[in-house]
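Spelled out, the chains give:
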Amino acid sequence: QQQVKQSPQSLIVQKGGISIINCAYENTAFDYFPWYQQFPGKGPALLIAIRPDVSEKKEGRFTISFNKSAKQFSLHIMDSQPGDSATYFCAASQYSGAGSYQLTFGKGTKLSVIP
Amino acid sequence: GAVVSQHPSRVICKSGTSVKIECRSLDFQATTMFWYRQFPKQSLMLMATSNEGSKATYEQGVEKDKFLINHASLTLSTLTVTSAHPEDSSFYICSARQWDRGPEAFFGQGTRLTVV
């Protein structure tokens with residue numbers, strides 16, 4: 001059972017455009033929603049994260065929009081650049097006891113920004 | 001920011017041999033470390049969770065005798081793939097979190113294992 005559904009699987013955006021990646025979840029126990037950026041052959045890097053008590057968070061060109069009632073969240077990349085071309089993973093975390101948290105990842109979106 | 005260093009970045013080993021991958025937190029104490037496996041063009045699959053000084057907790061379907069995890073200190077965890085076979089070839093990634101930093105986790109750069 002896939003707990004975090006991510007779409008689209010791949011995305012091609014013109015340079016300067018807006019890239020939008022969407023995720024949906026079912027488990028209402030999730031309380032932390034990070035986005036990771038991964039380049040080929042590298043580990044994921046934390047990009048931006050949000051808690052469910054906030055509807056939007058912006059850091060530079062990256063914005064997370066969060067809709068708690070719909071159980072959906074999305075990543076917006078403004079003014080997309082070729083250097084943003086990477087695979088993006090949404091994730092959701094819940095407390096699993098004894099001070100431990102477990103991350104559940106979406107399947108990833110391969111973003112290609114073309115000049 | 002918190003830095004997690006993983007070594008080696010690439011390793012090739014012969015079938016039947018064992019290989020050890022190290023994961024170090026460089027500037028924080030990692031009370032919990034996670035090991036993931038990632039197949040090409042796929043998402044990260046959690047293999048096991050380890051807390052410092054405790055036995056690792058393995059996810060369903062992951063052979064604990066094949067993938068030995070040791071988390072002996074607050075800055076080092078190791079994953080040993082024992083008696084490796086070609087089907088163990090994959091990208092292995094560790095992540096670490098600090099007990100007082102909530103759910104935030106930081107990832108290593110990954111290890112590409114090729115078993116020939």
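This text goes with the structure placed above it.
Read on for a plain summary of the structure. From a predicted model like this one, the values you see are computed outputs, not experimental measurements.

Structural notes on the overall build of chain A
Consideration 1: The secondary structure content of chain A amounts to zero helices and 11 strands.
Consideration 2: For chain A, the succession of helices and strands along the chain, N to C, is β-β-β-β-β-β-β-β-β-β-β.
Consideration 3: Considering only C-alpha atoms, chain A reaches an extent of 45 × 30 × 25 Å along its principal axes.
Consideration 4: Across the 115 residues that make up chain A, the buried fraction comes to 43%.
Consideration 5: Put simply, 52% of the contacts in chain A that link residues at least 6 apart link residues at least 24 apart.

Observations concerning the sheet that holds strand β8 (residues 76–81) of chain B
Residue and element names in this part refer to chain B.
Consideration 1: The strand order across the open sheet formed by four strands is β1-β3-β8-β7, and the pairing between neighbours is antiparallel. At either end of the open sheet lies a strand with only one pairing partner, and these are β1 (4–7) and β7 (67–73). Averaged over all neighbouring strand pairs, the angle between strand axes comes to 15°, with direction disregarded.

Regarding the sheet that holds strand β8 (residues 72–77) of chain A
All names here are of chain A.
Consideration 1: Taken together, the five strands give an open sheet; going across it, the order is β1-β3-β8-β7-β6, and neighbouring strands pair in antiparallel fashion. In this open sheet, the two strands that pair with only one neighbour each are β1 (4–7) and β6 (56–59). Neighbour to neighbour, the strand axes of the sheet diverge by 15° on average, direction disregarded.
Consideration 2: Across four bridges, β1 lies against strand β3 (residues 19–25) in antiparallel orientation. Among the inter-strand pairings, Q6 is bridged to a residue of β3, identified as C23.

Some thoughts on the state of the cysteines
Residue and element names in this part refer to chain A.
Consideration 1: Counted according to the given criterion, the structure contains two disulfides over all chains.
Consideration 2: Covalently, C23 is tied to C90 through a disulfide, its sulfur atoms 1.9 Å apart. Across the S-S bond linking C23 and C90, the dihedral sits near -95°, which makes this disulfide left-handed. Separated by 67 residues along the polypeptide, C23 in strand β3 and C90 in strand β9 (residues 86–97) bring together distant segments of the chain.

Description of the packing of aromatic side chains
All names here are of chain A.
Consideration 1: Per the stated rule, a full pass over the model turns up 17 aromatic pairs over all chains.
Consideration 2: When the centroid spacing of 5.0 Å and the interplanar angle of 55° are considered together, the rings of F33 and F73 count as tilted. With a gap of 40 residues between them, F33 in strand β4 (residues 33–38) and F73 in strand β8 connect regions that are remote in the sequence.
Consideration 3: For F73, a relative accessible area of 1% corresponds to the buried category.
Consideration 4: With a centroid separation of 6.3 Å and an interplanar angle of 35°, the aromatic rings of F66 and F73 are classed as tilted.

Some thoughts on the nonpolar core
Residue and element names in this part refer to chain B.
Consideration 1: Within the largest apolar cluster, 26 residues are counted, with the highest numbers of intra-cluster contacts made by V4, F28, W35, F67, L79, Y92 and L113.
Consideration 2: Going through the elements one at a time, β2 (10–13), β3 (19–25), β4 (32–38), β5 (44–51), β7, β8, β9 (90–97) and β11 (111–115) are the ones with two or more residues in this core.
Consideration 3: Apart from residues lying up to four places away in sequence, Y92 is in contact with Q6, I21, Y36, R37, M47, F67, L79, G110, T111 and L113.

Here we look at the side chain of Q98(B)
Consideration 1: With respect to the helices and strands, the residue Q98(B) is situated in the loop between β9 and β10 (106–107).
Consideration 2: When near neighbours in sequence (up to four residues on either side) are disregarded, Q98(B) contacts F28(B), Q29(B) and T31(B).

Details of the interface of chain B and chain A
Consideration 1: Residue-level contacts link 21 residues of chain B with 19 residues of chain A.
Consideration 2: With both sides pooled, the region where chain B packs onto chain A buries about 1,500 Å², and carbon together with sulfur makes up 59% of that total.
Consideration 3: On the chain B side of the interface with chain A, the three residues burying the most area are S43(B), P103(B) and F107(B), jointly 34% of the side's total.
Consideration 4: Between the two partners, chain B and chain A, sit four residue pairs in polar contact (both at pLDDT 80 or more).
Consideration 5: Only β4, β5 and β9 of chain B provide two or more residues apiece to the side of chain B that touches chain A.
Consideration 6: Per-element accounting of the side of chain B that touches chain A gives the leading share, four residues, to β4(B).
Consideration 7: Split by residue class, the side of chain B that touches chain A holds nine nonpolar, nine polar and three charged.

The rules behind each value
- Residues numbered from 1 in each chain as written.
- Chains lettered and ligands numbered in written order.
- Predicted model: local features only at pLDDT ≥ 70, side-chain atom pairs only at ≥ 80, totals over all residues.
- Heavy atoms only, no water.
- Helix = DSSP H or I, 4+ residues; strand = E, 2+ residues; numbered from the N terminus.
- Buried < 20%, exposed > 50% of the residue type's maximum accessible area, 1.4 Å probe, protein only.
- Contact = heavy atoms within 4.5 Å.
- Pairing = 2+ DSSP bridges.
- Axes fitted to C-alpha atoms, helices over the stretch in contact; angles between N-to-C directions.
- Disulfide = S-S within 2.5 Å.
- Phe/Tyr/Trp six-rings, centres within 6.5 Å; stacked < 30°, edge-to-face > 60°.
- Core = buried A, V, L, I, M, F, W, Y, C linked by side-chain atoms within 4.5 Å.
- Buried area = accessible area lost by both parts, 1.4 Å probe.
- Polar contact = N/O pair within 3.5 Å; in protein donor to acceptor, adjacent residues only side chain to side chain.
- Nonpolar A, V, L, I, M, F, W, Y, C, P; charged D, E, K, R; others polar.

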